[in-house]
Each structure stands twice: as structure tokens, then as C-alpha cells.
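Given next are the chains, with one letter for each unit.
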Amino acid sequence: MKLTITTVFLCLVFGFVSSCTHNKSTSTQASNTTDISLQSAFAPHFNIGVAINTQQANGKDRQSVVIINRHFDTLTAENDMKWESIQPSSNNFTFEAADALVNYAKSTNKNIIGHTLVWHQQTPDWVFEDANGNLASRELLLSRMKTHIFALAGRYKDDIKGWDVVNEAFNEDGTLRESKWLQIIGDDFIEKAFEYAHQAAPNAKLYYNDYNLYKAAKMDSVIAMAKGLKAKGIRIDGIGEQGHYGVEPPLKQLELSIQKVAAAGLTMMITELDISVLKFPDENNMGADISLNFVLQDEYNPYANGISQSSYLKLAKAYKDLFRLFLTYRQDIDRVTFWGVSDNDTWRNNWPMNGRTDYPLLFDRDYQAKAFVQDLVALASEYQ
Ligand code: 9MR
């Protein structure tokens, strides 16, 4: 807020000292942002996306739809394109929710990112078993992978701009995760997934997606994998760093990782951005490993009735610092996608403990933009 002679006078008379000395964007109050649009503000720099759920894609969650329409140019299905949603049992394909998202995106001219073709989570057990309940053979699992990718990526080959082909295949130290994919198929399961995805959707961009890729050991392995694919003539276009952070995001490490991806001739996306304001029970194990599950304790849920001013300020600062970094590297970054629309519907409320009240997104529980969103918009205009 500008301090004019009149506002100073009103402040002194009515004693609204704190509201007069705080810039509006430092207040935890939502701002009236009917006149701003994230997608317009960032259009010169990169796409601004959001992950949406079933009720948003089918239009039932009308308050979220207003926000999505105005602020985001690219949509990812938060869950509706995962294996268990698309093919819950063998050859039983359920595309209803995914179709709704694709139709919504097409009718509003938004880009679509497919998420995800091969992942160790949310993939039903039958995929990895033969008819007798034993571990499937390499040939059987490869043929299931191919059938699934052809059915899903093939169905939307003219609609989906890019696919998260493989999700979370690496450990924090850069070794390959001991998933059933790796165990049954072997190291080449990643290249097979990219090969099939390209055959099924020749025009789609193909990405590898993971969390904590700001960690050098993990990112180095991912880049080595991508270079290996390219050397064999297999298409891979870019790398998605999910971006599930706390209020002190790893800016320096992230910057180095962006530089590495660019140097390898790949594009970088921030694919699942959110910033938790809550303490994490196991600081060494932060990321997005959804198998973590702690019992709810009050000490880890301090803002059940509202966020404190100091935490809010940390959240605002973290977002501003991150966007300054993204804008600095706007030549190398294709898209920044938020993992959810509002604080009402975020996985953070339930991970790694069920039933917490977190504040990780740009829109609050009343579907209002947080006050610092206007700072992000202003920041975008500082870059040419
Ligand atoms: O946000 C998603 C949540 O609703 C699901 O329960 C969960 C399991 O499918 O997946 C969440 O999304 C994850 C994404 O697909 C991959 N990276 C980590 C995300 C947060 O767990």
C-alpha cells in the first residue's frame, strides 16, 4: 500500500498501524485479483500449468474451474491418467475421467500434459503377475507396458502435448529404484517405455519426471540416462523436477540442476510445484515418496485454525525466490505446473500424515488468490 498523506492521516486517526506499515502482499489476507492472470503474466516466459482432479475436470467443482480458466494454460491430470485409473484390471480400460479432462482442455484451448505412463506407484498388482499369481516374465510385462502405452498415449495422440513417460525411477543417490519394473524387465525398462510412447504418440514431447532432482547425484543419473537414450536415437525431450518443497527451497542446488539440464540439450519443467509450511517428521527423507505415512500429531499440525503471519511470510518469500530463479532461467524452462488449485485440495494435507492443514498453493480455502500472487505477476513483468 502506498503511504499517501491521506492514508497516513487515516492511520494515525484510526490507529490501523499494522495495516498501514505492511505492504498488502505481506498480509495473510487474500487479495482481490480479478484483474490479474498468471497465464497472461507469464506468457512471454513459460507456460503456467496446474494439476486438476476429477471434479475439476468434469466441471462439478465450479469455484476451482473459475480459477483454472483464468490463471492456467496447461493441465495435468492429478490422478486420472495413472495406470490404476486407466486400466484397473487386465484389458479393462476406463477413460471416462481422462476423456473429461481432455474435452475440458480442448474446449478452453489449454495444453494437456499426460501423467504418467510407467510408475511404481498406483499400478495394480495384476500388472506384475502371471495367471498363476507368480511374478510375470519380462516378455509379459513388456507386452503389458506396450499395450497400456499404445491404448493411453495412442488415444490422445493428437491432443496431449507431452507425456511424463517414466515417473520416479531413481533413488536419491542416483541408483535405479528397486521397482517391479526394474526387477522384472531390467535396466532397459526406461528406454522401452520411451520407445513405445514415441511409437504411440509420435508428435508428443516425452519427459522423465521425478522429485528432488535438485540433488546432484539424482539429477546426474537422470541426465546420463537421457543422454544414453538420445545416443540410441530414442526420443526424450526434457526432464521434470516435481518441485515439492518446504519454505526454504534449495535455490542454489536447483539453479545448478537447471544449468545441467540445459547443457545436456534438454528442456526443464517444474511439474508439481507446491510449498509446504508444515514441519516434516523426517527431514532427511523429504520429497514425495507416497509410501511414507506417520501418525497425526498436533505438534506437526500447528495451523489447523489459520496460518501464522510469520509462516505466511516465509511461504510468500519462498515463492518469490523460486519465481525469480525460474524467470532468470526462462530460456531453459518450458513450464511451471502447480500441483493443485487451492489449499482445499492438496495431497499435502494428507502426506506424510493424514488430516493436516497445509497452505502450499497460490489459492486459499476460499478460492481467493493469496496476496503475494500479485507480486509474482509483477515479477514476471520485470523480465523481457
Ligand atoms: O496428488 C496425488 C494424490 O492425490 C495421489 O493420492 C497420489 C497417489 O497417486 O499421487 C499424488 O501425486 C503424486 C504424483 O502423481 C507423482 N509425484 C508425487 C505426487 C504427490 O504424491
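## Looking at the overall build of the protein
Point 1. Helices and strands together make up the secondary structure of the protein, namely 14 helices and nine strands.
Point 2. Computed over C-alpha atoms, the radius of gyration of the protein comes to 22 Å, within 12% of the 21 Å expected from 2.2 N^0.38 for 384 residues, which places it in the range of a compact globule.
Point 3. Principal-axis analysis of the C-alpha atoms gives the protein an extent of 80 × 45 × 40 Å.
Point 4. The buried share of the protein, taken over its 384 residues, is 56%.

## Description of the site of the ligand
Point 1. The environment of the ligand is made up of 15 residues, and the closest members are Glu-78, Lys-82, His-115, Glu-168 and Glu-272.
Point 2. Note that an oxygen atom of the ligand is positioned 2.5 Å from one of the side-chain N or O atoms of Glu-78.
Point 3. Here an oxygen atom of the ligand sits 2.7 Å away from a polar atom, N or O, in the side chain of Lys-82.
Point 4. Coverage of the ligand by the protein amounts to 85% of the 450 Å² it exposes when considered alone.
Point 5. Taken together, the residues that form the shell around the ligand break down as five nonpolar, six polar and four charged.

## A closer look at the pairing of strand E9 (residues 333-338)
Point 1. Most of E9 is tucked away, with five of its six residues classed as buried.
Point 2. Bridge count for strand E8 (residues 267-276) against E9 is four bridges, and the pairing is parallel. Following the sheet pairing, Leu-273 is matched in E9 by Phe-338.

## Describing the packing of aromatic side chains
Point 1. Counting across every chain of the model gives 18 aromatic pairs.
Point 2. Ring geometry for Trp-83 and Trp-126: centres 6.3 Å apart, planes at 65 degrees, overall edge-to-face. A residue pair is termed long-range when its members are at least 10 positions apart, and Trp-83 in helix H6 (residues 83-86) and Trp-126 in the loop between strand E3 (111-119) and helix H8 (138-155) qualify at 43 residues. In this structure, Trp-83 and Trp-126 share a single accessibility class: buried.
Point 3. Aromatic pair Phe-280 and Trp-351: ring centres 5.1 Å apart, planes at 45 degrees, arrangement tilted. Pair noted here: Phe-280 is in the loop between E8 and helix H13 (309-328) and Trp-351 is in the loop between E9 and helix H14 (373-380), with a separation of 71 residues, a long-range link. Grouping residues by exposure puts Phe-280 and Trp-351 together as buried.
Point 4. In textbook terms, an aromatic cluster arises when at least three aromatic residues are bridged by ring pairs, as seen for Phe-42, Phe-46, Phe-72, Tyr-312, Tyr-319, Phe-323, Phe-326, Phe-338, Phe-363 and Phe-372.
Point 5. Above the plane of the ring of Tyr-359 lies Arg-365, whose end atom (NZ or CZ) is 4.9 Å from the centre.

## As for the pairing of strand E1 (residues 47-52)
Point 1. Most of E1 sits inside the fold, with six of its six residues counted as buried.
Point 2. Side chains of E1 alternate between two faces, with Asn-47, Gly-49 and Ala-51 and Ile-48, Val-50 and Ile-52 buried alike.
Point 3. Pairing geometry for E1 and E9, over four bridges, is parallel. Bridged to Gly-49 within E9 is Thr-337.
Point 4. Sheet topology note: the E1/strand E2 (residues 74-77) ladder contains four bridges and is parallel. Bridge pairing in E2 places Ala-51 opposite Thr-76.

What counts and what doesn't
Sequence order as written defines residue numbering, which begins from 1 separately in each chain. Reporting in this predicted model follows two pLDDT cut-offs: at least 70 for local features of residues, and 80 or more for side-chain atom pairs to be given and counted; totals over whole chains, interfaces and linings ignore these cut-offs and use all residues. The side-chain quantities take in all heavy atoms of the structure and omit both hydrogens and water. Secondary structure elements are defined from DSSP: runs of H or I of at least 4 residues count as helices, runs of E of at least 2 residues count as strands, and each element is numbered from the N terminus. Radius of gyration means the value over C-alpha atoms here, while the globule rule gives 2.2 Å times the residue count to the 0.38 power. For every residue, the accessible area obtained with a 1.4 Å probe (protein chains only) is divided by the maximum for its type, and the residue is called buried under 20%, exposed over 50%, and partly exposed between those limits. It suffices for a single heavy atom of a residue to lie within 4 Å of a molecule or strand for the residue to be listed as near it. Polar contact criterion, stated in full: a pair of N or O atoms within 3.5 Å, where within protein one must be able to donate a hydrogen and the other to accept it, and residues adjacent in sequence count only if both atoms are side-chain atoms. The accessible surface values rely on the Shrake-Rupley method and a 1.4 Å probe; as for residues, cover is taken only from the protein chains in view. Amino acids are sorted into nonpolar (Ala, Val, Leu, Ile, Met, Phe, Trp, Tyr, Cys and Pro), charged (Asp, Glu, Lys and Arg) and polar (every other residue, Gly among them). Whether two strands pair comes down to DSSP finding at least two bridges between them. Only Phe, Tyr and Trp rings take part, Trp by its six-membered ring, and two of them pair if their centres are within 6.5 Å. Stacked means planes under 30 degrees apart, edge-to-face means over 60, and tilted covers everything else. Look at NZ for Lys and CZ for Arg. If either is within 6 Å of the ring centre and within 35 degrees of the ring normal, a charge sits over the ring.

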